[in-house]
Amino acid sequence: MESEKGVEKKIYLNLSPSSINIYHQSPLLFYLTYIAKVPDDTPVPVCYGLSGNIVHECLEKYAKKEIDRDGAYSHLLKQWEKHNLYNHKDVYNGVLNPMDYLTAMIRGIEIVDDHENHICEETILFPLKENEIMKIGIKGIIDLQATEKKFNQPILLDYKTSNSISKDKNFERQALFYNLLLYKKKNIIPAKTSLHYLKLGVSKEYSFGLKEIEEFERELHKIADLILSRGTDIGNYPVGQIEGIFNSKKQACLREVERRNSL
């Protein structure tokens, strides 16, 4: 019983595409978010996340044949109103245009129709590393796994509702992450991974081999080892970049920076 209680006291966290990106951006923010789990203290624009989730939800329901095209249009507009997106301000102090997201969803429906054997929003989770105080897993939610009708090959698809194409490593890392999870669970390496920028009407494709997937897994182990070695001491986590407008824990970050400066 004592050992069971000891396990229960461990800090449990998952490495995911989003948490890894935060770790690379600011180890301090990673610590505050996933280890200390401090509450949010700074308002951030929520409209982008809400609108993106609505598009994802519509496309999932459509791929599962729970709704048809007309039902998808209706569902998006109902959810838009339900989540008060006519009032939530964006970074320019305006509001998002639902027609932009309706158009994005229509593009997503066309992509869904180009595929078959849909598996939607599958969550895959595996343990990775642990010590006496922390247990680290890897976790991802894959938007869509399907067979491309044109070439009859298995692929992964991920929907993006951002306004620009990412030029950094974040999305490539995400694609690798999903490939690793699928390989570990099903022993499958997709022919390609397609990131679809639905608002822009363009896509970005990646193809990985076993060597790249295994190399990425070793990278995850290195990150986990470093986190375990840094432990629960906030002073062990470098500050990094904390000035972004989407940092909902900015005040906690600034207090820690001030504490370090005072030392």
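Above this text is the structure in question.
This one's a predicted model, so the numbers in the text were calculated from it and none came from an experiment. (Residues numbered from 1 in each chain as written. Predicted model: local features only at pLDDT ≥ 70, side-chain atom pairs only at ≥ 80, totals over all residues. Heavy atoms only, no water.)

Asks: In this structure, what is going on with the overall build of the chain? I would like to understand it.
Replies: Looking only at helices and strands, the chain features nine helices and six strands. Counting across all 263 residues of the chain, residues that qualify as buried make up 44%. Of all intrachain contacts in the chain linking residues separated by at least 6 positions in sequence, the fraction that spans at least 24 positions is 70%. On the chain, roughly 14000 Å² of surface is accessible, and the fraction owed to carbon and sulfur atoms is 51%. (Helix = DSSP H or I, 4+ residues; strand = E, 2+ residues; numbered from the N terminus. Buried < 20%, exposed > 50% of the residue type's maximum accessible area, 1.4 Å probe, protein only. Contact = heavy atoms within 4.5 Å. Areas by Shrake-Rupley, 256 points an atom, 1.4 Å probe, with all protein chains shown as cover.)

Asks: Would you take a moment to explain unusual backbone geometry for this structure?
Replies: Negative phi is the rule for most residues except glycine; trans is the rule for most peptide bonds. Despite not being glycine, Lys65 has its phi angle at roughly 65°, a positive value. Within the secondary structure, Lys65 is located in the loop between α4 (47-63) and α5 (69-82). Positive phi outside glycine occurs at Asn93, with the angle close to 65°. Along the chain, the position of Asn93 falls in the loop between α5 and α6 (98-113). Classification of Asn93 by relative accessible area gives exposed; the value is 58%.

Asks: Got a minute to help me understand a nonpolar patch on the surface in this structure?
Replies: Together, Val91, Tyr92, Ile245 and Phe246 line one region of the surface with nonpolar side chains, adding up to about 460 Å² of accessible area. If you trace the backbone, Tyr92 turns up in the loop between α5 and α6. Classification of Tyr92 by relative accessible area gives exposed; the value is 71%. (Patch = residues over 30% accessible without salt bridge, like charges linked within 9 Å, V, L, I, M, F, W, Y side chains within 5 Å. Salt bridge = Lys/Arg side-chain N within 4 Å of Asp/Glu carboxyl O.)

Geometric values such as these leave the question of function open.
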